[in-house]
Amino acid sequence: MSYRILATLIAISILFTTLAFSANQNNIQARVFIDAKPQLNQFYAQHLDVVNRNYNYFEIITNQDELNELEAIGFRTEVVIDDLKKFILSRYDKTRPMGGYMTLSEINDAVDVIVADHPDIVSAKVDLGQTIEGRTMWAVKISDNPNVDEDEPEVLFTSAIHAREVITPLVLLNVMDSLTDKYASVPYIQSLVDNYETWFVPVVNPDGYYHNEVIAPGGYGMWRKNRRDNGDGTFGVDLNRNFGYLWGYDDIGSSPNTDDQTYRGTGPFSEPETQNMRDFSIAHEFEISVYYHSYSNLYLWPWSYNLTTTEDEDIFVGLGDSACFLTGYTPNYINPLYEANGGTCDWYYGEQTLKNKSYSFVVEVGTYEDGFWPATSRIVPLINENYLATLFLIEVIDSVEQAMVPKPPALILEDTVDHSSYQVEWTHPDPFNPGVNYELVEYSDYSQVTDPADNFDNFINNGFTLGYSRFHSDYSSFYSGMSTANFSGYLTTRNPVLIKPGDIFRFWTFYRIEDDYDY
Ligand SMILES: [Zn+2]
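Keep in mind the model is a prediction, meaning the values are calculated, not measured.

## With respect to the packing of helix α5 (residues 104-117) against helix α6 (residues 167-181)
Reasoning step 1: Between α5 and α6, the least distance of the axes is 11 Å, while the angle of their chain directions is 10°. Accordingly, the angle class assigned to the pair α5 and α6 is roughly parallel. Between α5 and α6, the residues in contact are Ile107, Ala110, Val111 and Ile114 and Pro169, Leu173, Met176, Asp177 and Thr180, respectively.
Reasoning step 2: A breakdown of the residues in the contact of α5 with α6 according to their chemical character gives seven nonpolar, one polar and one charged.

Okay, here's the thing in C-alpha cells:
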C-alpha cells in the first residue's frame, strides 16, 4: 500500500515538473551543426524555425526541450542566445513602450490619422474581410481622387504577414506618412501620388500580431503564423505558405505538420487572411507587389518553389538590383533557406489566369544582428534605408523595362578590319530602353590558340595550379584542387579571341562530385 502511494506521488511530481518546465521555457537561439551528410535530410525533416544558415550549421529559434531532442537524435548544438526575451529587452529604450514598436491598435490608429488628415489623397479604409479570429483586415490607397478607381497603374505594399516581423509595419507607415505629408511641397512625391495608385496593407496577419502582445506584452513575441486552431492542440498556419501557386509542391521550406512554423494549412488559400489578400489582389491590377518581411537584408523574387528563375528574370534583376542599390541589400540571394512553395512571390507573379502577372518581391528588412525585434536605436535607420527603394518601386510601375540594363548596341561592322580607316554603325535593339552612352573598344591582334595547359602564359590565373596526374595531351592540366568547401576560381585570357557565330570552344575536363552535396 505504501509502495503504491509513493509511486503515485512520484508520478504526480514528475507530471508537475514537466508542465512547469514547458510553461516557462525560454526562447533560445541556437546552432544545429550538420556534421555528416545524412544529417542534412534529417534536419530538413524536423521543419525547425530556421533563421540563418552557414555552410555547416543552421541557426534556429527553439527551446530547451527541442534542443534536447535534437541532441538525443545525434545533432551537435550550440546555444547562441540563451534567453531571447532577455536579449531583446536589453536592447530597448526603456522609456518607450515595447521598445518603440507598435501594438496592433496603435497601427490601426496611425492609419486612421493618415486617412483623417489627408482625405484628398488617402482613400477611406477598405475592408478586405475578416481574419480567423474576426478582426478586420484593412487596406488604404494613396493617390489623387483616392476613392475613385482611376485608370492609373497600381502597386501593392504589405507588411506583417509574419506576426513577429514588427519592423515592417513601421517601414510602411513611414512611406505613407511621407507620401501624404510631403505631397504639397515635394514635386517628386506629388507626381507619384498623382500618377499612380499605391495600396498599403500594413498588417496582413493581425491575429498573429495581436497574439504576440498577449504572450509577450513587453515586445519580444516570436509568434509567426496566424491563429488557426488546427484541432490537434496546435495553432497557426504560415500565411506565406498558404498561397495557391503550386501549393504543397514539396515539403522543402513548407511543412505538412501542424505544429511547424512553416505549416502550409490544409489546402491552398485555406485561411481567411490569404483568401482576403487573393480576392483583393484579383480585384486590382498590381503591376508590382511587395511583401515586407524581416530579416536578412535581401530582395527576393520568384521562383520560390524551387531555385530557378522566371522568363522575366531580366526585369526582376533590373528592378531588384536598383532597389538594392538604394537599400544596400542583396538581390535575390539564391539560398535554400528561402526555397518554399505557397509563398506570395510565386502566386503574385505566377497566377496569370485570374489576374495579370505582378512583379512580386519579398523584402527582408534588417540584418542578422537585428533579428525580429531590432534594438530601439535601429528602428529609424531600418525605416530610412527602405524609404527610397519603396518610392522607386512606385515610380517604375509603368516602365519596368527601363529598370533593365540596356541591351548592347548591335554593331554593323565587317568581321575584321585590316585598314586604318573604317566606319562603325550600330542600332538599338530595344528602342524602349536605349543605353544612355556606349563605350566602343577597338581590339586588335586576334589570335587563335591551342593551349596545352602546361603554363599560364595565355591566362591571367586566379586560383588554379598546374596538375600533372591527369592530362589530355602532353603532360599537364589546369587543376582546381580538391576542395572541402566551395571552390571559386577562374582563368581569363590575356589576349582577345575573336568569336564568330558557329565557332566552337572545346576543352576536356575531369571532375569528381561528392555524393549528396554536389550536382
Ligand atoms: Zn517573414
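## So, the nonpolar core
Reasoning step 1: Residues Leu179, Ile288, Tyr299 and Leu319 are the most contacted members of the largest nonpolar core, which totals 77 residues.
Reasoning step 2: Element by element, the count of residues in this core is highest for helix α12 (residues 379-395), at nine residues.
Reasoning step 3: Two domains share this core, each providing at least three of its residues, namely domain 1 (2-82) and domain 2 (97-403).
Reasoning step 4: Core analysis: the next-biggest nonpolar cluster, separate from the first, contains 17 residues, Met137, Trp199, Phe286 and Tyr291 among them.

## Describing the sheet that holds strand β10 (residues 298-300)
Backbone-to-backbone hydrogen bonds pair the strands of a sheet. The strands run either parallel or antiparallel.
Reasoning step 1: Taken together, the eight strands give an open sheet; going across it, the order is β5-β6-β8-β7-β9-β12-β10-β11, and neighbouring strands pair in mixed fashion. Because the sheet does not close on itself, it has two edges, and the strands there are β5 (126-130) and β11 (330-331).
Reasoning step 2: Looking at chain direction, strand β7 (residues 154-159) and strand β9 (residues 286-293) are connected through six bridges and run parallel. Residue Ser159 lies in a different strand from β9, and its bridge partner there is Tyr292.

## Thoughts on the confidence of the model for the protein
Atomic detail in the predicted coordinates should be set aside for any region of low pLDDT.
Reasoning step 1: Taken as a whole, the protein shows an average pLDDT of 89; of its residues, 92% reach a score of 70 or greater.
Reasoning step 2: In the predicted structure, residues 5-23 sits below a pLDDT of 50 and forms three contacts with residues beyond four places in sequence or in another chain.

## Notes on the packing of aromatic side chains
What characterises a pair of aromatic rings is the spacing of the ring centres plus the angle enclosed by the ring planes.
Reasoning step 1: Applying the stated rule across the entire model yields 33 aromatic pairs.
Reasoning step 2: For the pair Phe280 and Phe286, a centre-to-centre distance of 5.5 Å together with 55° between the ring planes defines the contact as tilted. Across this residue pair, the class does not change: Phe280 and Phe286 are buried.
Reasoning step 3: Here the aromatic cluster, defined as three or more aromatic residues joined through ring pairs, consists of Tyr245, Tyr249, Tyr299, Trp301, Trp303, Tyr305, Phe316, Tyr329, Tyr349, Tyr359 and Phe361.
Reasoning step 4: Directly above the aromatic system of Trp247 lies the positively charged group of Arg264, at a separation of 5.5 Å from the ring centroid.
Reasoning step 5: The side chain of Arg278 reaches across the aromatic face of Phe269, ending 4.8 Å from its centre.

Scoring rules and cut-offs
- Residues numbered from 1 in each chain as written.
- Predicted model: local features only at pLDDT ≥ 70, side-chain atom pairs only at ≥ 80, totals over all residues.
- Heavy atoms only, no water.
- Axes fitted to C-alpha atoms, helices over the stretch in contact; angles between N-to-C directions.
- Helix = DSSP H or I, 4+ residues; strand = E, 2+ residues; numbered from the N terminus.
- Parallel < 35°, antiparallel > 145°, perpendicular 65-115°, else oblique.
- Contact = heavy atoms within 4.5 Å.
- Nonpolar A, V, L, I, M, F, W, Y, C, P; charged D, E, K, R; others polar.
- Core = buried A, V, L, I, M, F, W, Y, C linked by side-chain atoms within 4.5 Å.
- Buried < 20%, exposed > 50% of the residue type's maximum accessible area, 1.4 Å probe, protein only.
- Domains from an automatic or database assignment.
- Pairing = 2+ DSSP bridges.
- pLDDT = per-residue confidence, 0-100.
- Phe/Tyr/Trp six-rings, centres within 6.5 Å; stacked < 30°, edge-to-face > 60°.
- Lys NZ or Arg CZ within 6 Å of the ring centre and 35° of its normal.

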